[in-house]
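Here is how the chains run, residue by residue.
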Amino acid sequence: MSAVVQAAGLERITVRRTKIGLVAGGLGAYWPQFPDLLPQLQASARRVSERMRALDCDVVDAGFISDAEDGARAAEQLRVAGCDLIVGFLTTYMTASMLAPIAQRSGAPILLINLQPTEAMDHATFDTGQWLAYCGACPLPEMANTFLRLGVPFRSVSGYLEDERAWARISRWIKAAGVRGALRTGRHGLMGHLYPGMLDVSTDLTLVPANFGGHMEVLEFDDLRVRVDAVSDADVDQRIALARDVFEVDDSVVDDDFRWAAKVSLGLDRLVDDFALHSLAYYHRGLEGEQHERLGAGMILGASLLTARGIPACGEYELRTSLAMLIVDRLGGGGSFTELQALNFNDDVVEMGHDGPAHLAIGERRPLLRGLGVYHGKRGWGVSVEFDVKHGPVTTFGIAQQRDGAFRFVASTGTVVPGPVLQIGNTTSRVDFGADPGEWVDTWSATGISHHWALGIGDLLPDLRATADLLGVELVEVKL
């Protein structure tokens, strides 16, 4: 989270922690033959458990198994625990029958890890027992063959116990499992109605649980209205003070509009709490300044504050983009609501952004609140957010709905570079994709992506590959 957001006292809303199941094992026939082997392997298993707990997740440790009976016991423990990912630590040779029941019963994705004690054996001094501590690679093909024949998907990471490259890959799978868990247990709000004519944005609500799991909560703007009506003037004063800490407030902001945005922001917080939402997409056209039009126009401040705290909220009823923002946020990239704005062929950059809410935690500088007398393409008026994403590596990421109803991930990496941006109350970023801007836009559009997506900081492609794997979703990477 950015220093500005942290300094203002904005804390992330508590979200579900990732739950990882762990089981380590080896062939029990070895223990009486080599008395020093089991204690060494158990020590390695404790170290793996320790390092996993440091990866911002809860670990359900099923202990060390030595035979198929132990495996069945561990399978039941991990099944009941409801894990997001099961990690099987191959400490030495073990039979596939020891892990097969765990893979079949848990209902969770499987990650096999083979981490030998050090980079290499000391061949001149090692005896058989010492060699067996390095033999975790031996059963990996056996497990792979068995899991494929059982129809159980799996992935693996091989390395050594303190191999940071291996732990980076393990961490990637754990983050991806957290995203999968967030989607499977998430409650996603959809409030208002489709922006008229945006056929690409429309989504069959059943497709969300069909592709990702989770629950769709259909909301009325009246659900927000009654909560906004209950907000006190004292609470509004406090929210305005918070907003002044987070934002630079432009002279164009009208006091009455500022107070209204603050009041709607507090109502939004209560809406999210009351319905236990993890994301929100909204839109309402309204008419002639009536209350629902004013509510829709007053959403930007509150939606931006929610997004910065880990509850992505975006306009134009863009459900799939609110889900894309959630995925990017859980992967640590922030994720701001984005579309194409213009192409700059002098600087070879794609200018992209959006009016409305932004992910304040990934801004290059302190965000600006600007007053607008008109929202282009929408009814209403009020305050809007203006900022650009941090300069450096970024990832564009969206979710496309295909003709058969399947979802597809679409992603591309680029670099946000400094330069002139519009000052019209929008988020705007200049992204260099290392290619002709026109060719990039043509290739990006050909994937079937909708005209909105999430823009996140960092190269998120490795994490997105892992996430797509665990969700069973196709990932299209746009590279030129």
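Look above for the structure.
Treat the numbers as computed from the prediction; the structure is a model and nothing was measured. (Residues numbered from 1 in each chain as written. Predicted model: local features only at pLDDT ≥ 70, side-chain atom pairs only at ≥ 80, totals over all residues. Heavy atoms only, no water.)

Draft legend 1. Here's a closer look at the side chain of Ser336. If you trace the backbone, Ser336 turns up in strand 11 (residues 334-344). When sequence neighbours within four positions are dropped, the list of residues in contact with Ser336 reads Ala358, His359, Ile362, Phe387, Trp453, Ala454 and Leu455. (Helix = DSSP H or I, 4+ residues; strand = E, 2+ residues; numbered from the N terminus. Contact = heavy atoms within 4.5 Å.)

Draft legend 2. Seen up close, the nonpolar core. Counting residues in hydrophobic clusters, the biggest one holds 36 residues, and the most contacted among them are Val48, Met52, Ile113 and Leu115. Counting only elements with at least two residues in this core, the list comes to strand 1 (18-25), helix 2 (30-33), helix 3 (37-53), strand 2 (57-65), strand 3 (85-90), strand 4 (110-116), helix 8 (164-185) and helix 17 (461-471). With seven residues, helix 8 is the single largest residue contributor to this core. When sequence neighbours within four positions are dropped, the list of residues in contact with Met52 reads Ile20, Leu22, Cys57, Val59, Val87, Ile113, Trp167, Ile170 and Ile174. Counting residues in each nonpolar core, the second largest holds 35 residues, with Tyr195, Phe212, Leu326 and Phe397 among its members. (Core = buried A, V, L, I, M, F, W, Y, C linked by side-chain atoms within 4.5 Å. Buried < 20%, exposed > 50% of the residue type's maximum accessible area, 1.4 Å probe, protein only.)

Draft legend 3. Spotlight on unusual backbone geometry. Non-glycine residue Asp56 carries a positive phi angle of around 55 degrees. Secondary-structure assignment places Asp56 in the loop between helix 3 and strand 2. Under the relative-accessibility criterion, Asp56 is labelled exposed at 56%. Despite not being glycine, Asp348 has its phi angle at roughly 55 degrees, a positive value. Here Asp348 shows up in the loop between strand 11 and strand 12 (349-355).

Draft legend 4. Examining the pattern of salt bridges more closely. The final tally for this structure, using the stated rule, is 30 salt bridges. For Asp463, the salt bridge identified is with Lys175, shortest N-O distance 3.0 Å. Taken together, the residues span a long stretch of sequence, with Asp463 in helix 17 and Lys175 in helix 8 at a distance of 288 residues. With a shortest N-O distance of 2.8 Å, Arg259 and Asp237 are connected by a salt bridge. Here the residue Arg259 occupies a position in helix 12 (residues 255-275), and Asp237 occupies one in helix 11 (residues 233-246), the gap between them amounting to 22 residues. Taking relative accessible area as the criterion, Arg259 reaches 31% and is therefore assigned partly exposed. A single network of salt bridges, built from pairs that share partners, joins Arg47, Glu50, Arg51, Glu162 and Glu164. (Salt bridge = Lys/Arg side-chain N within 4 Å of Asp/Glu carboxyl O.)

Draft legend 5. How the structure looks around the packing of helix 8 against helix 17. Contact geometry for helix 8 and helix 17: axes closest at 8 Å, N-to-C directions at 50 degrees. Judged on the interaxial angle alone, helix 17 and helix 8 are oblique. At the point where helix 8 passes helix 17, the crossing takes the right-handed sense. Between helix 8, through Arg172, Trp173, Lys175, Ala176, Ala177, Val179, Arg180 and Leu183, and helix 17, the contact on the second element is made entirely by Pro462, Asp463, Ala466, Thr467, Asp469, Leu470 and Leu471. When its residues are assigned to classes, the contact of helix 8 with helix 17 shows nine nonpolar, one polar and five charged. (Axes fitted to C-alpha atoms, helices over the stretch in contact; angles between N-to-C directions. Parallel < 35°, antiparallel > 145°, perpendicular 65-115°, else oblique. Left-handed = near helix turned anticlockwise from the far one by under 90°. Nonpolar A, V, L, I, M, F, W, Y, C, P; charged D, E, K, R; others polar.)

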